[in-house]
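The lines below spell out each chain.
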Amino acid sequence: MSYKFFPHTEDDIRSMLNTCGEKSLDDLYKDIPEDLVLKKEYGLPEGLSEIEVRKFFNGLAQGNETLKCLIGAGCYDHYSPSVVNNIVSRSEFLTSYTPYQAEISQGTLQYIFEYQSMMAMLTGMEVSNASMYDGCTATAEAMMMAVAAAKKRNKVLISATVNPIVRRVVETYAKFNGVVLETIAEADGVTDKSDFEAKVAADDVAGVIVAAPNFYGIVEDYTGWADFCHSHKTLLIMNCVASTLGVLKTPGEWGADIAVGDGQSLGIPMNFGGPYVGFLCTSKKLIRKMPGRIVGATTDMDGKRTFVLTLQAREQHIRREKATSNICSNESLMALYVTVYMALMGKDGLKEVNELGYSGAHYLAEKLCEMKGFSMAYPDKPFLNEFTVKFDGDIEDLQNVLLDYSGVQLGLKIADDTLLLCVTETISKEDLDEVVLTCKAYTEGEDEDE
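My aim in this report is to walk through the structure given alongside it, one point at a time. Just so it is clear, the structure is predicted and the values come from calculations on it, not from any experiment. Numbering of residues begins from 1 in every chain and follows the order in which that chain's sequence is written. Where totals are concerned, whole chains, interfaces and linings use all residues; where local detail is concerned, this predicted model gives features only for residues with pLDDT of at least 70, and gives and counts side-chain atom pairs only at 80 or more. Hydrogens are left out, water is left out, and the side-chain values use all remaining heavy atoms of the structure.

1. Digging into the sheet that holds strand β4 (residues 180–184)
Then, in step 1: Pairing between two strands is assigned when DSSP locates at least 2 bridges connecting them. Each helix is a run of H or I in the DSSP string that is no shorter than four residues. Each strand is a run of E no shorter than two, and both are numbered from the N terminus. The strand order across the open sheet formed by 7 strands is β2-β10-β9-β8-β7-β3-β4, and the pairing between neighbours is mixed. Across the chains shown, the open sheet's two edge strands, defined by having one partner strand only, are β2 (127–128) and β4.
Then, in step 2: When β2 meets strand β10 (residues 278–282), the two strands line up antiparallel, connected through 2 bridges. Paired with S128 across the strands is C281, a residue of β10.

2. Focus on the sheet that holds strand β14 (residues 386–391)
Then, in step 1: One open sheet accounts for 4 strands, arranged β13-β14-β17-β16; its pairing is antiparallel. Looking along the sheet, the strands with just one partner apiece sit at the ends: β13 (374–376) and β16 (412–415). Across the sheet, the mean angle separating the axes of adjacent strands is 35° when strand polarity is ignored.
Then, in step 2: Bridging between β13 and β14 involves 3 bridges; their strand directions are antiparallel. Note on β14: the bridge partner recorded for M376 is V389. Axes, fitted as lines to C-alpha atoms, cover a helix only where it is in contact. Angles between the N-to-C directions of the axes lie from 0 to 180 degrees.

3. Details of the environment of V241
Then, in step 1: Relative to the helices and strands, V241 is located in strand β8 (residues 235–241).
Then, in step 2: Separated by 21 residues in sequence, V241 and D262 place their C-alpha atoms 6.5 Å apart.
Then, in step 3: Not counting residues up to four positions away in its chain, the partners in contact with V241 are Y76, A212, P213 and S265. Should any heavy atoms of two residues lie within 4.5 Å, those residues are counted as being in contact.

Here it is in structure tokens:
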């Protein structure tokens, strides 16, 4: 039967499959493990009334198990005030559509303006764009900015202490955009300064990407790095955990040229990995190289305060092959979410969130390292709320025990003997004491088995 509203004809599909080098649509899913493929009809009930639908889904929800999360590594379990969802749902804000018509998009334009203002303040930079897809692509876009600004240089350096997921996305962008990407070595959990200086001194580097805090949770010291980069006409790019900027030295204070990262830690639920929102802030001199858009404030003909799209590259829509980025319709809904969160929390709220995470993480680190088998991976390095420990037992078995007996997700295994842990304000001291007791019982039980 022919359906005229289907966008692709059989010839269209055949042509696309030929281009992909596949024979059928099923071939597009051949990488999915066979045991994950559904081989029966969906278990959907017949039509139900509203109250029956609610009962049905409430029944499904009761099968969920709420866990306590001690995993970080780029995705953080922060508490978001319940009022955030109510404000986000207001009709003047709730849209992800590009605000082309300023006269009917004042709500959208205003929160984007406020988002830019708060992100610029949070990062210590001069300007912020109106959000990116996520922290990984924001970092890749910053790499492309550095190459565009350098003109005759196409080499970018990235520290080995940057989150591996971020590095993989940056590598993909580099591969398909003719960028030479090289890694700066790490030494004892931090970026090797001597390797950094040696590579930058070659005078062929467009930009350097470092992390603050880094993947191991360490707060690295970048004193003098920006000056060294600038003396060799190289841009310094800092990938940051947004929420930590409430207490840590900002990229602007370090002298960075571009600050990027994921805004998920500003109250966005983890939600199985998305949607999140990337931020990109920079100096005024790089504003024309920045992807996305900038909203500005002005006055209308009656003298009332109003908001407009101040800067947006026309190539984004018309000459896309000339565009500096593929960012067009931004992650506006998520930008709205973090804007409301930051407005509600304020400086004092963000500071308190970090203080709670700091005290909890340092308490847990101290208690774990009092046990046999645990030790700090980088004992002399400062950290905020994320840290790395060594464990000479079976990490996966220990994680399973904590999951089964305490409902706790105990960190991320990043090596056979290394565990990355994170504590946020959602984890109480009682929760941490329970983790410590379970770990102690586990390690003492191992000793008895021996």
